[in-house]
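Geometric and topological summary
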Amino acid sequence: MKKTTLVLLSSLVFLFLSCKEAKKEVEKTTAMVEETTTQEVDAIFPKGQKGPAQFFTGDAYNYGLVPMDSTYTMLVGNVYFEPGARSNWHTHAAGQILIITDGEGFHQIEGQPKEILTKGSVVKCPPNAKHWHGASPGKAMQQLYIVPNTEKGVVNWMEAVTDEQYNGN
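All of these numbers come straight from a predicted model, not from anything done at the bench. (Residues numbered from 1 in each chain as written. Predicted model: local features only at pLDDT ≥ 70, side-chain atom pairs only at ≥ 80, totals over all residues. Heavy atoms only, no water.)

So, on to the pattern of salt bridges. Applying the stated criterion to the full structure yields 5 salt bridges. Among the ionic pairs, Glu-82 bridges to Lys-47, the shortest N-O distance being 3.0 Å. In this pair, Glu-82 is assigned in the loop between strand E4 (74-81) and strand E5 (86-87) and Lys-47 in the loop between helix H1 (2-38) and strand E1 (49-50), connecting sequence segments 35 residues apart. Since its relative accessible area comes to 37%, Lys-47 is described here as partly exposed. Notably, a salt bridge pairs Asp-59 with Lys-50, separated by 2.7 Å at the nearest N-O pair. The network of salt bridges with shared partners includes Glu-110, Lys-130 and Glu-159. (Salt bridge = Lys/Arg side-chain N within 4 Å of Asp/Glu carboxyl O. Helix = DSSP H or I, 4+ residues; strand = E, 2+ residues; numbered from the N terminus. Buried < 20%, exposed > 50% of the residue type's maximum accessible area, 1.4 Å probe, protein only.)

With that settled, the discussion passes to the pairing of strand E8 (residues 115-118). Direction of pairing for strand E7 (residues 96-109) relative to E8: antiparallel, over a ladder of 4 bridges. Bridging from a neighbouring strand, Glu-104 pairs with Thr-118 of E8. The antiparallel pairing of E7 with E8 creates a hairpin that spans 5 residues between the two strands, and Gly-111 there sits at a positive phi of about 85°. (Pairing = 2+ DSSP bridges.)

Turning our eyes to something else, we now look at the layout of surface pockets. The space that makes up the largest pocket amounts to roughly 280 Å³. What lines the largest pocket is a set of 18 residues, and nearest its centre among them are Phe-56, Asn-62, Val-79, Tyr-145 and Trp-157. For the lining of the largest pocket, the secondary structure elements donating two or more residues are E4 and strand E11 (141-148). In the lining of the largest pocket, the residues fall into 11 nonpolar, 7 polar and no charged. (1 Å grid on protein atoms, 1.4 Å probe; cavity = no way out; pocket = protein on both sides within 12 Å on 5 of 7 lines; lining within 4 Å. Points joined across faces, edges and corners; volume = space filled by probe spheres on them. Nonpolar A, V, L, I, M, F, W, Y, C, P; charged D, E, K, R; others polar.)

Quick look at the side chain of His-133 now. Along the chain, His-133 turns up in strand E10 (residues 131-135). What makes His-133 buried here is its relative accessible area of 4%. At 3.3 Å, the side chain of His-133 and the side chain of Gln-96 are in polar contact. A polar contact is formed between the side chain of His-133 and the side chain of Gln-143, at a distance of 3.3 Å. For His-133, the contacting residues outside a window of four places in its chain are Phe-81, Arg-86, Ser-87, His-90, Gln-96, Leu-98, Phe-106, His-107 and Gln-143. (Polar contact = N/O pair within 3.5 Å; in protein donor to acceptor, adjacent residues only side chain to side chain. Contact = heavy atoms within 4.5 Å.)

With 15 residues, the main nonpolar core has Ala-60, Val-79, Phe-81, Leu-117, Val-123, Met-141 and Tyr-145 as its most contacted residues. Counting only elements with at least two residues in this core, the list comes to E4, E7, strand E9 (122-125) and E11. Once you skip the residues sitting within four places of it in the chain, Val-123 turns out to touch Gln-96, Ile-97, Leu-98, His-107 and Leu-117. Listed in part, the 5 residues of the second largest apolar core include Trp-89, Trp-132, Val-161 and Tyr-166. (Core = buried A, V, L, I, M, F, W, Y, C linked by side-chain atoms within 4.5 Å.)

Turning our eyes to something else, we now look at the pairing of strand E3 (residues 60-66). Two strands pair when backbone bridges link them, and E1 and E3 are joined in this way by 2 bridges, in the antiparallel orientation. Looking at E3, one finds that Lys-50 is bridged to Tyr-61. Examined bridge by bridge, E3 and E4 share 6 bridges and lie antiparallel to one another. The residue bridging Ala-60 from the neighbouring strand is Phe-81, located in E4.

Written as structure tokens, this is what we have:
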């Protein structure tokens, strides 16, 4: 009887400790997954220079890839938007192409519904279309931008996107 009780007690202690360790491991893994899925994205390029507050809400970073010149007449770069960051409303005289390389975010042309962007999304902004783009509230977004025909102009910055516009449909 004593031996059976001792074995049973030992088994219960072992089971309790094993469950406690397993719970810690699950909590640790869950925290790591949440941190990764809600914040970081796989960056292809360096973050670059922080965008000025007069053109962005939150933290956005630009890294130029193809500088403007008279041969290619285009501008190509990468923007990394931290969660919740977004551009002001703006236009491009010759339009703009966005290619989302990671994360998730939004794009909206004035007067149209807000679009959800995810890795692999491609957006064609027509010439002179007033629009904005940026990361979702819970996850960063990284995008390539292509501005063609730079001899027509690069960007015309406008007012900030309000929280109501950002959070709306």
